[in-house]
Amino acid sequence: MPTDPPGEDGGEQGPEQLRSEPGSLLEHVSVAVFGIDDEGLIRYWGPGARKLFGHEAAEVLSGPAAALFPDSEPGAAARLVERARTLGYWRVRLPVRHRDGSVFDCGFRVFPVAGAEDDSVIMGLASRSDELDRVKTNLSFLDALFETCPIGLVMLDEELRYVHLNQALADMDGIPVADHLGRHMVDVMITSDDGEYRRMLRGVARDGRPVVGTLVGLRTGGHPDRDQVRSVSFFPLSGAGDTRPGVGGLLIDVTDRERAILEATSARRRLALLDRAAGHIGTTLDVEVTARELVEVVVPDFCDGSVVELVEWMDENEDFDPALPLFTRRIASGTTLDAPAVELVGGLREVTYPPGSGIHQMLSSGRPICVRVDEDFVARTVVHRQRARLLMESGLVRILIAPLIARGTVQGLAMFGRSAARPDFAEQDLGLAGELASRAALCLDNARLYSRVQDIALTLQRSLLPTAPAAGPHVDIAHRYLPGGRGTEVGGDWYDAGTLPDDRVALVVGDVMGHGVPAAAAMGRLRITAKALSRHTRDPRALLEELDACAQDVGIEWATCAYLLYDARTGHAVIANAGHPPPLVRHPDGTIETLAEGLGVPLGVGGVPFASIGVELPEGAVVALYTDGLIEARGRDIDTGLDALREELRGPMGSLEEAADRILSNLLPDTATDDTVLVLARVRRAR
């Protein structure tokens, strides 16, 4: 802990003495702080008061203030209270009586102070007259302290809310005195120390431990873009009766003397920004969402405005040519500045940069650069005159441009702009911007690669699924395939229908475990194999056995399948099932039959024979084949979903297309997380 400078007698200054900044005219003035209520009782007794009058706090708190004055000054305490209430501020010299009986002159400054819960007292500051006379100015201690002294003075209640402060502190904070009152000090003095400053103040208020000369790095609400270092000293203020204790403090701006702490504060702020970026950028595999996350992280903590743009390469293997224009697509933007800046960052989607622009300069070096927004930069970088005018009027004076490079490929660029209210970008800021851009570029590239794989899987799946299954004249079909609504890859759900010789019709639906290209490819193998086998295999059990062998040969570990073979001449159907949800039959009278018998093991397991069941399908019966995405959802048991499907099938069954839409609308949640297939087939007898 720093020590106070020695007093005039050469001894060490006691911790109870409140002294001004060493070297000022007030250096040798000790101040006693005390409070008196309207009844003339002492309510507050600071450490300086004990030094000046000789009384311990316990001896005088709640006692008459008249005991502080000699018999020659009857009513002195009452006069202090009356004058303070009447005038609002009063200064006077009066003789006082020390505890040892000695009498000496003191200068008093008294004024009413409002505390918490509408409690108020007369706050008095007293100093020995001989010490005040040493000060080479006609101003009293309180005038200098609360009006002209550059040292900030503050009084807080026990909840660390502002009760009183001087103009010097208000100027340091950039907030008027009146706007401080009632607010918490930690809301005005913003630190990046994980709450250490708050804990220090609470320690003073709770435990009465004074703090002297502690250095604190901070920003304030009035100067949010200006880093400061202050030397702060805090001491407890005692209370009695129903009054509340508080904290007094002195604050000195020592920013110029403490650049090392200022730089450390900036470094912590940069590290905190990188930490937030790591947690907030790349939460999805969506390119535009990732770009918006980068903008949200940097605005307003790092800059006043930001944009993210992707380069529109003609070919992904194309090399950057600084002699050619550069075309980009702006996918995210944000700013805290006024209208011109809002239009500047958000009013354009497609951007063209001419050769020689600042963007070309950045891409040529491959490193972040910082440029000043002036006529030369605008003329070289902005093609359209109106956009150039917006940039000049936006309030941005400095722009930091960083490349978005991942896996050796330039994805795009990020720009960070600051107004004149902020300091210029430092060298460390270029490194920070490069790190932010690097992290964002990797997330953007992951999203790009994911989108490419997703497109491949979707294209493959769509090419392998039938667009119009041909069921022939004896079966009417309505079919639906809905991919899951979450941001995942496509699944392996599939279906098919086909006419066979002798007025037979085959219906099949299946589901391959997994997602993406592997699932789509496996689905295609099984569908094509099933279609080929159906033309040559009259026994559904034998067909599933062949499919199972095929699955094992190609490494498909788990797939389900339900195969139905309908004979329109007899109305008889045979169903074989490989671990798939059971088909349902709606009879013309509205009854629902569940074809759950013969449920076998999934394809790819091997070693277990398949079974089949026969069922008579009357004229007009509707068979429902589906995948588990229709009946199974998070928070809903599969049996509950199956009951809901049966209930939907019991309803009027007019148009199969309308019925299929109604069933999907009623059973699927708004955000389905799995692919869904539904096939409705109405059978007719051959004539």
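Residues numbered from 1 in each chain as written. Predicted model: local features only at pLDDT ≥ 70, side-chain atom pairs only at ≥ 80, totals over all residues. Heavy atoms only, no water.

Undergrad: Quick rundown of the packing of aromatic side chains? Include the residues and the values.
TA: Counted by the stated rule, this structure contains 7 aromatic pairs. Between the aromatic rings of F34 and W45, the centroid separation amounts to 6.4 Å while the plane-to-plane angle is 50 degrees, which identifies the pairing as tilted. One end of the pair, F34, is in strand β1 (residues 32-36); the other, W45, is in strand β2 (residues 42-45), and 11 residues separate them in sequence. Look at F34 and you get buried, because its relative accessible area is 1%. Judged by relative accessible area, which is 4%, W45 ranks as buried. Centre to centre, the rings of F69 and F108 are 5.8 Å apart; their planes meet at 35 degrees, and the pair counts as tilted. Of this pair, F69 sits in the loop between α2 (57-60) and α3 (76-87) while F108 is found in strand β4 (residues 103-114), placing the two residues 39 residues apart along the sequence. The same class applies to F69 as to F108, namely buried. Among the aromatic residues, those joined into a ring-pair cluster are F34, W45, F53, F69 and F108. (Phe/Tyr/Trp six-rings, centres within 6.5 Å; stacked < 30°, edge-to-face > 60°. Helix = DSSP H or I, 4+ residues; strand = E, 2+ residues; numbered from the N terminus. Buried < 20%, exposed > 50% of the residue type's maximum accessible area, 1.4 Å probe, protein only.)

Undergrad: Describe the packing of helix α19 (residues 638-650) against helix α20 (residues 656-667), listing the residues and the values that go with them.
TA: At a minimum axis distance of 10 Å, the contact between α19 and α20 shows a crossing angle of 145 degrees. Crossing hand, α19 versus α20: right-handed. Where α19 approaches α20, its residues A644, L645, E648 and L649 are matched on the opposing element by R662, I663, N666 and L667. Residue composition of the contact of α19 with α20, grouped by class: 5 nonpolar, 1 polar and 2 charged. (Axes fitted to C-alpha atoms, helices over the stretch in contact; angles between N-to-C directions. Left-handed = near helix turned anticlockwise from the far one by under 90°. Contact = heavy atoms within 4.5 Å. Nonpolar A, V, L, I, M, F, W, Y, C, P; charged D, E, K, R; others polar.)

Undergrad: Could you give an account of the nonpolar core, with specific residues and numbers?
TA: Counting residues in each nonpolar core, the largest one holds 34 residues, and the members touching the most others are L294, V298, F302, V308, L404, F416 and L436. Within the residue set of this core, elements represented by two or more residues are α10 (259-280), α11 (287-298), β12 (305-311), β13 (326-335), β16 (396-406), β17 (409-419) and α16 (427-464). When residues in this core are grouped by element, the largest group, 10 residues, is from α16. Residues contacting L294, with those up to four places away along its chain left out, are I281, V308, A414, L436 and A440. (Core = buried A, V, L, I, M, F, W, Y, C linked by side-chain atoms within 4.5 Å.)

Undergrad: How would you summarise the sheet that holds strand β5 (residues 120-128) if you had to cite specific residues and measurements?
TA: The strand order across the open sheet built from 5 strands is β2-β1-β5-β4-β3, with neighbouring strands paired in antiparallel fashion. Every interior strand has two partners, whereas the edge strands, β2 and β3 (90-97), have only one. Each strand axis lies, on average, 30 degrees off the axis of its neighbour in the sheet, ignoring direction. When β4 meets β5, the two strands line up antiparallel, connected through 9 bridges. Of the residues in β5, the one forming a bridge with R109 is L125. (Pairing = 2+ DSSP bridges.)

Undergrad: Kindly report on the pairing of β3, identifying the contributing residues and their values.
TA: Bridge count between β3 and β4: 8 bridges; the pairing is antiparallel. Residue R93 lies in a different strand from β4, and its bridge partner there is G107. Between β3 and β4, which pair antiparallel one after the other, the connecting turn spans 5 residues, and G101 there sits at a positive phi close to 100 degrees.

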